[in-house]
Amino acid sequence: MKKILILLLLMLVTPWITNCKKGEVKVKDTKAEAKQGFKWQVDQFADIRILRYQVPGFEELTPRQKELIYYLSEAALWGRDIIFDQNYRHNLKIRKTLDAIVEGYQGDRTTPDWEKFMVYAKRVWFSNGIHHHYSTDKFMPEFSPEYFESLVRGSQGVKFPLEPGQSLDDLIAFLKPIIIDPTVDAKKVSQDPSRDLVTNSAVNFYEGVTQKEAEEFYARLINKNDPTPISYGLNSRLVKRDGKIFEEVYRVGGKYGPAIEKIVYWLEKAATVAENDLQRQVIEKLIDYYRTGDLKKWDEYSILWVKDTESAVDFINGFIEVYNDPLGMKATWEALVNFKNPEATKRVDVISANAQWFEDNSPIDPRFKREKATGVSAKVITAAILGGDCYPSTPIGINLPNPNWIRRMYGSKSVTLENITYAYDQSSLDSPFGPEFTYNEEILERIKKYGSLAGNVHTDLHECLGHGSGKLLPGVKSEDLKNYHSPIEEARADLFALYFIMDPKLVELGVLPNEEAAKAEYDVQIRNGLMTQLVRIEPGKTIEQAHMRARALVSHWVYEKGKPENVISRVTRDGKTYFVINDYKKLRRLYGELLKEIQRITSEGDYRAARDLVETYGVKVDPELHKEVLERYRKLNLAPYAGFMNPVYEPVEENGKIVDVKISYPEDYVQQMLYYGKKYSIL
Ligand code: ZN
């Protein structure tokens with residue numbers, strides 16, 4: 001819930017190298033400049049682009065820091081099987097079958113059918129399963145069942161994932177409907193509140209239990225008066241067998257044990273080269289948690305991790321985000337290894353240092369304000385490896401840990417992955433997207449000039465301050481908002497950023513050069529929330545993803561409420577729709593009003609109001625406008641989603657000791673996936 005996904009910022013912002021002002025820091029990495037001609041985009045298929053990111057500054061790290069990154073990156077890659085299995089119980093079998101075909105098929109690899117098969121395989125790798133990584137709908141292959149069968153039979157010298165006693169025929173018969181029948185497990189995460197959310201979701205967090213049974217199971221466990229509750233259900237699968245409901249806990253010796261053992265093996269090595277004592281404790285606590293599955297230890301780990309702000313190298317590794325659970329309790333496995341970008345961190349330091357000023361000047365009800373806005377620690381980082389649910393599709397900002405009481409008592413760590421946004425920006429410098437959907441040249445130029453910087457500042461405000469601001473009234477839990485929690489939480493953080501980005505304080509602090517930059521951000525947000533994000537929705541579908549719902553909610557609400565004063569107008573020119581902001585000051589006031597209401601909803605746990613807001617403004621799609629936008633977008637021949645290949649780290653050993661680590665940037669997406677499938681396959 002505390003993640004910002006760019007995924008699409010590349011389309012919102014036509015990136016540009018802005019005029020840098022004092023205190024404003026872009027990743028002007030000399031490395032990137034030195035590597036002129038670096039191929040940012042290496043593949044494009046379906047609705048996806050595959051990009052690469054650089055790791056500027058890696059060579060300047062000490063050998064010990066590099067060794068640490070190497071160990072942590074191995075720990076990050078060993079969880080790949082877990083995320084496949086969590087996303088859907090048959091994903092591993094499907095992936096292994098696809099891998100075997102890609103490696104072993106002896107037939108013609110130049111036909112249109114083969115091409116279609118490869119697109120399907122690439123999509124499965126990208127989504128860590130057969131459901132779209134963003135919409136969570138099952139995507140359909142364009143080849144026939146017969147062709148699939150011929151591929152399996154025509155592959156030689158490879159191993160298919162056969163169960164004991166299972167024949168190739170059995171495997172084919174088993175997989176065909178799963179892959180090809182659109183009605184079988186059609187949705188990974190159901191959001192339809194009129195149906196059973198658990199039984200209608202294909203995600204592998206529950207087996208044989210209904211929503212009611214799952215809710216009752218946890219209602220019995222949860223002690224509402226516990227001020228420091230564990231994250232119930234976070235690291236387990238809830239199953240019903242022989243009439244009994246119990247949790248299969250993810251731990252060494254438990255569910256996903258073999259993969260977790262590998263993760264632990266590499267974490268143990270990492271602990272030996274930790275940068276300092278606190279970081280060593282962090283790693284050891286995580287190992288302890290993985291061994292026991294004890295969620296108390298997970299909280300202890302999170303607290304230690306928040307306290308470690310000194311280490312240059314840092315990492316995320318665990319069952320963390322709950323977006324994929326329709327009940328918002330169970331977490332998917334993810335990993336990220338990174339190190340600090342000290343130059344760029346100066347910008348967020350300025351914002352963080354003023355946390356109390358922002359809280360005091362926030363338009364929310366004083367009852368819901370934090371008396372002391374503490375512990376906001378933020379930094380700009382360079383991603384070194386992406387793993388689990390962060391690979392290949394990755395967030396651009398992360399704010400953890402998630403439990404509210406830990407955030408309140410110990411603060412949180414917020415990071416912006418600037419080498420990732422830089423790669424996005426670089427890869428779409430000449431995109432025709434901006435000109436197509438922007439009303440006039442003046443607005444477009446402003447976005448080109450300030451959009452990239454303003455987008456980064458929006459992310460900083462959203463992550464460093466937005467999620468951490470405000471407080472819940474006693475007895476209120478974030479789960480009270482159920483399936484509306486995530487979109488409301490994202491809207492809250494977005495509104496915080498939107499309200500303050502237009503504040504003169506940001507210019508005064510030197511974070512933004514002038515008010516024009518804030519206007520550019522408003523232009524982008526309105527264009528996106530009311531119109532362009534629709535390119536990611538299929539015709540006839542509604543908006544489901546939490547961040548998209550949040551953006552739609554915010555934009556539609558201010559558009560509606562601003563109508564009497566014509567704050568935003570809808571203009572049609574040559575049959576094309578545009579949304580134009582007429583009054584930026586009034587728009588800011590509207591953002592403030594909605595922030596106030598959403599903070600109230602959050603603080604009071606007002607489920608009905610959350611539902612009404614989200615369902616009224618954040619879900620529905622105007623079919624006419626949708627059609628037009630898709631049509632305009634289709635003509636541009638762009639792909640709306642992007643993800644990244646990882647670099648490769650290779651240890652250099654002398655006398656059995658690692659003395660250095662070499663980094664390289666492979667550019668073959670298929671090879672990376674096959675390599676990961678071979679090297680890190682254990683479940
Ligand atoms: Zn967020």
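Residues numbered from 1 in each chain as written. Predicted model: local features only at pLDDT ≥ 70, side-chain atom pairs only at ≥ 80, totals over all residues. Heavy atoms only, no water.

*Asks:* Which residues make up the overall build of the chain, and what values go with them?
*Replies:* What the chain contains, in helices and strands, is 26 helices and 16 strands. For the chain, whose C-alpha radius of gyration is 24 Å, the value lies close to the compact-globule estimate of 26 Å for 683 residues. Once the C-alpha set of the chain is aligned to its principal axes, its extents read approximately 70 × 60 × 60 Å. When the 683 residues of the chain are sorted by exposure, 62% land in the buried category. In the form shown here, the chain has an accessible surface area of approximately 25600 Å², with 50% of it arising from carbon and sulfur atoms. Taken together, the 94 basic and 99 acidic charged side chains of the chain have centroids lying 2 Å from each other. (Helix = DSSP H or I, 4+ residues; strand = E, 2+ residues; numbered from the N terminus. Rg over C-alpha atoms; globule rule 2.2 N^0.38 Å. Buried < 20%, exposed > 50% of the residue type's maximum accessible area, 1.4 Å probe, protein only. Areas by Shrake-Rupley, 256 points an atom, 1.4 Å probe, with all protein chains shown as cover. Lys, Arg positive; Asp, Glu negative; His and termini not counted. Charge placed at Lys NZ, Arg CZ, Asp CG, Glu CD.)

*Asks:* Account for the confidence of the model for the chain, with residues named and values stated.
*Replies:* With 94% of its residues at a pLDDT of at least 70, the chain reaches an overall mean of 92. In the predicted structure, residues 5–34 sits below a pLDDT of 50 and forms 92 contacts with residues beyond four places in sequence or in another chain. (pLDDT = per-residue confidence, 0-100. Contact = heavy atoms within 4.5 Å.)

*Asks:* Please give an account of the coordination of the zinc ion that cites residues and values.
*Replies:* In this structure, H462 (NE2), H467 (NE2) and E490 (OE) serve as the protein donors to the zinc ion, at separations of 2.1 Å. All donors to the zinc ion come from one chain, and their sequence spacing reads H-x4-H-x22-E. A relative accessible area of 1% places H462 in the buried class. Residue classification places H467 among the buried residues on the basis of a relative accessible area of 4%. (Donors = N, O, S within 2.8 Å, 3.2 Å for Na, K, Ca; no water.)

*Asks:* Describe the sheet that holds strand β3 (residues 48–52), naming the residues involved and giving the relevant values.
*Replies:* Paired through their backbone hydrogen bonds, the strands of a sheet run either parallel or antiparallel. Taken together, three strands build an open sheet; the order of strands is β2-β3-β14 and the sheet is mixed. Whereas interior strands pair on both sides, the edge strands pair on one side only; in this sheet they are β2 (41–45) and β14 (641–645). On average, adjacent strands in this sheet sit at an angle of 25° to one another, irrespective of strand direction. When β2 meets β3, the two strands line up antiparallel, connected through four bridges. Paired with Q41 across the strands is L51, a residue of β3. (Pairing = 2+ DSSP bridges. Axes fitted to C-alpha atoms, helices over the stretch in contact; angles between N-to-C directions.)

*Asks:* Run through the pairing of β14, naming residues and quoting values.
*Replies:* Within β14, five of the five residues are buried, which leaves it mostly tucked inside the rest of the structure. Summarising the sheet, β3 and β14 pair through five bridges and their orientation is parallel. Bridging from a neighbouring strand, I48 pairs with Y641 of β14.

*Asks:* Got a sec to walk through the layout of surface pockets? Specific residues and values, please.
*Replies:* What the second largest pocket holds in volume is close to 550 Å³. D47, V535, R536, I537 and E538 are the residues nearest the centre of the second largest pocket, which is lined by 28 residues in total. Of the residues in the lining of the second largest pocket, the class split is twelve nonpolar, five polar and eleven charged. (1 Å grid on protein atoms, 1.4 Å probe; cavity = no way out; pocket = protein on both sides within 12 Å on 5 of 7 lines; lining within 4 Å. Points joined across faces, edges and corners; volume = space filled by probe spheres on them. Nonpolar A, V, L, I, M, F, W, Y, C, P; charged D, E, K, R; others polar.)

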